[in-house]
Amino acid sequence: MALDPDALGQELHRRYRGRFGTMEPIGPMHSYPLTTAFARRFVCHRAALVGDAAVGMHPVTAHGFNLGIASVRHLTDEILPLLERGADPANSAALRRYERRHRRESLPIYLATNSIVGLYTDDRLIARAARRFGLRVAQTPPAHKIVNRILIRPQVKAPRLRLPGIGGRLRMG
Ligand SMILES: Cc1cc2nc3c(=O)[nH]c(=O)nc-3n(C[C@H](O)[C@H](O)[C@H](O)COP(=O)(O)OP(=O)(O)OC[C@H]3O[C@@H](n4cnc5c(N)ncnc54)[C@H](O)[C@@H]3O)c2cc1C
């Protein structure tokens, strides 16, 4: 933020090693703090939080969007069967089940992401050594296998929804 537009353009040019050609700021600069959030409650009477509103992650692990999609899936898993039966989709027991499942599944990755942020913002020798070791381990075939298993979940059949009073079926997902 301390740089003038020309100096910022030159700095970006240097950091991208000239891959995008000359960089020239075309608007005012803004600074946005990277904050994280894990809501105390994901549901209340007839309402549920999804996406970043429920769990806002630091982008270091690039998982926020995935987690947002997972929250929608966890919620629809609960409310689609109710809609199919013509029942109230805001059933409080169903919303609480959504909350429990999404908290359980998102908390480990949220905590792991925060630890990685801590490690990468720590300049002590031990932290630097742990980073080097972690990067070396992350590049081994067994580590690739584990990460792939976490990221590529088995394909689930998209649920079909028959809305009461509407003849057709709506395919979700
Ligand atoms: C720098 C950065 C890099 C990222 N990189 C990755 C990545 O590589 N991979 C990944 O999976 N995720 C990444 N993420 C996270 C990802 O962008 C978010 O998890 C995702 O966008 C969340 O989607 P959302 O719909 O929940 O919220 P948002 O995308 O934030 O959408 C919320 C919308 O609501 C609007 N809004 C807010 N308040 C109001 C209001 N009062 N009235 C009306 N509208 C309102 C906002 O303008 C916004 O359009 C990154 C995030 C950041 C900040």
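Whatever comes next refers back to the structure up there.
All values derive from a computational prediction rather than experimental measurement. (Residues numbered from 1 in each chain as written. Predicted model: local features only at pLDDT ≥ 70, side-chain atom pairs only at ≥ 80, totals over all residues. Heavy atoms only, no water.)

Glancing now at the site of the ligand. Every residue close to the ligand is listed here: Gly51, Asp52, Pro59, Ala62, His63, Gly64, Phe65 and Asn66. Between the ligand and Asp52 there is a distance of 2.7 Å, counted from an oxygen atom to a side-chain nitrogen or oxygen. With respect to the ligand, the backbone of Ala62 contributes an N or O atom lying 3.3 Å from a nitrogen atom. When the ligand is considered free in solution it has 1000 Å² of accessible area, and contact with the protein chains removes 29% of it. Its residues placed into classes, the shell around the ligand shows three nonpolar, four polar and one charged. (Near = heavy atom within 4 Å. Polar contact = N/O pair within 3.5 Å; in protein donor to acceptor, adjacent residues only side chain to side chain. Areas by Shrake-Rupley, 256 points an atom, 1.4 Å probe, with all protein chains shown as cover. Nonpolar A, V, L, I, M, F, W, Y, C, P; charged D, E, K, R; others polar.)

With that settled, the discussion passes to a nonpolar patch on the surface. Residues Val60, Ile116, Tyr120 and Leu135 make up a contiguous nonpolar surface patch of about 330 Å² in total accessible area. On the secondary structure map, Tyr120 appears in helix H3 (residues 92–120). (Patch = residues over 30% accessible without salt bridge, like charges linked within 9 Å, V, L, I, M, F, W, Y side chains within 5 Å. Salt bridge = Lys/Arg side-chain N within 4 Å of Asp/Glu carboxyl O. Helix = DSSP H or I, 4+ residues; strand = E, 2+ residues; numbered from the N terminus.)

Our next topic: the pattern of salt bridges. Considering all chains together, one arrives at seven salt bridges under this definition. Between Glu11 and Arg15 there is a salt bridge; the shortest N-O distance is 2.9 Å. In this pair, Glu11 and Arg15 both sit in helix H1 (residues 5–15), four residues apart, roughly one turn of the helix. Two residues, Glu105 and Arg101, come together in a salt bridge whose shortest N-O distance is 3.4 Å. Here Glu105 and its partner Arg101 are both found in helix H3, four residues apart, which amounts to about one turn of the helix. Judged by its relative accessible area of 31%, Glu105 is partly exposed. Because the salt bridges share partners, they merge into one network encompassing Glu11, Arg14 and Arg15. (Buried < 20%, exposed > 50% of the residue type's maximum accessible area, 1.4 Å probe, protein only.)

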